[in-house]
Amino acid sequence: MSTEILPVEPVQPEPAQSETVEARKPRRRGWIIAVIIVAIVVVLGIVAFVVAEALAKDYARGYVRDRIVEVLNLPDDAAVDVDLGGGSIILQALAGRVDQVDVDVPEVAFGELSGAVRLYAEGVPLDEMQPVDVLGVDFAIGADDLGALGQGAGAEGAPTFEFAEGEVLLSSEFSLFGATIPLSLSLEPSAADGDLVLTPTSITLGDETIESGDDDSFFGQLLSGLFQPQNLCIAASVPEALVLTDATIDDAELVLGFTGDGAAFGGPELSTPGTCPEG
């Protein structure tokens, strides 16, 4: 009796797990390299934008400074601090204007006036001949400059000015029957129709002080005419585009607030003095 031997199919060995991992490694490496490349490109793009933004801000500050120096007739080496506010200056430049500009100039001369200027502007076009949306200027002057605005300032016997407790103190003297009598007025500053207005709140004559509205006393009736507001035109001492809208005492300075909305930095209205009525 013979035994038939059946053929045995060879058993295929299972692929080792290490071989599967090796097959996946190239794909994973490629994905990781792609991510790294994208990250590097993004970082380089951010760095390039930051550098370009810094360069653009430096250029814009220089541009604004040059316009201020030209408009205010400042020396080339004048101290001018320019702040362009927040936001991307590149995106603003693409829109053709800078959103906000703040400028501080510690020393400026306008005619007979000199002091510190703080300028605030919104919507400043890159074209200097185009109008600015909003323009505000605070001009801080000292008591001597205010005295220079008065008639006869600097002459012998001219009144002197000083600032105290939020008011202007005018001091003078006059002679009566051979006696010299001191006279001083406390004045409240304000603005009306572009003029600086000084309104007396009290008058001191010798040792007697009379408050505004005190018309019952002999001196009150005698000096009632001195309590009338006095208007000082300052238009001839500032650019014609600026209109006085506010006046307040801040410590030892008189701060004059001007508006010049719609003026152009490159136009004549910011470099040409205004005029005062004759007489």
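Our structure is the block above this text.
Here goes a summary of the coordinates provided. (Residues numbered from 1 in each chain as written. Predicted model: local features only at pLDDT ≥ 70, side-chain atom pairs only at ≥ 80, totals over all residues. Heavy atoms only, no water.)

1. Quick notes on the pairing of strand β12 (residues 253–259)
Threshold: Each residue gets one of three labels from its accessible area relative to the maximum for its type: buried under 20%, exposed over 50%, partly exposed in between, using a 1.4 Å probe on protein chains only. Helix numbering and strand numbering both begin at the N terminus, where a helix is a DSSP run of H or I of at least 4 residues and a strand a DSSP run of E of at least 2. Strands are treated as partners if at least two bridges between them are detected by DSSP.
Across the seven residues of β12, five count as buried, placing the element largely inside the fold. Sheet analysis places strand β4 (residues 134–141) next to β12, joined by six bridges and oriented antiparallel. Bridge pairing links Gly-136 to Thr-259 in β12. In this sheet, β12 lies alongside strand β11 (residues 243–250) in antiparallel orientation, the contact comprising seven bridges. The partner of Asp-250 across the bridge, within β12, is Glu-253.

2. Quick word on the packing of aromatic side chains
Counted only if it meets this: Working definition: rings of Phe, Tyr and Trp (its six-membered ring) pair if their centres are within 6.5 Å, and the pair is stacked with planes under 30 degrees apart, edge-to-face with planes over 60 apart, and tilted otherwise. Definition used: whenever NZ (Lys) or CZ (Arg) falls within 6 Å of the ring centre and also within 35 degrees of the ring normal, the charge is taken to sit over that ring.
The full count for this structure, using the stated rule, is zero aromatic pairs. Its end group placed over the ring of Tyr-63, Arg-67 keeps NZ or CZ at 5.1 Å from the ring centre.

3. Examining the pattern of salt bridges
What counts here: A side-chain nitrogen of Lys or Arg and a carboxyl oxygen of Asp or Glu constitute a salt bridge if their distance falls within 4 Å.
Applying the stated criterion across every chain, the model contains four salt bridges. Between Glu-128 and Arg-67 there is a salt bridge; the shortest N-O distance is 2.8 Å. Here Arg-67 lies in helix α1 (residues 17–71) and Glu-128 lies in the loop between β3 (113–125) and β4, a separation of 61 residues in the sequence. Residues Asp-104 and Arg-118 are paired through a salt bridge, measuring 2.7 Å at the closest nitrogen-oxygen approach. Pair noted here: Asp-104 is in strand β2 (residues 97–110) and Arg-118 is in strand β3, with a separation of 14 residues, a long-range link. Connected through shared salt-bridge partners, Arg-67, Glu-70 and Glu-128 make up one network.

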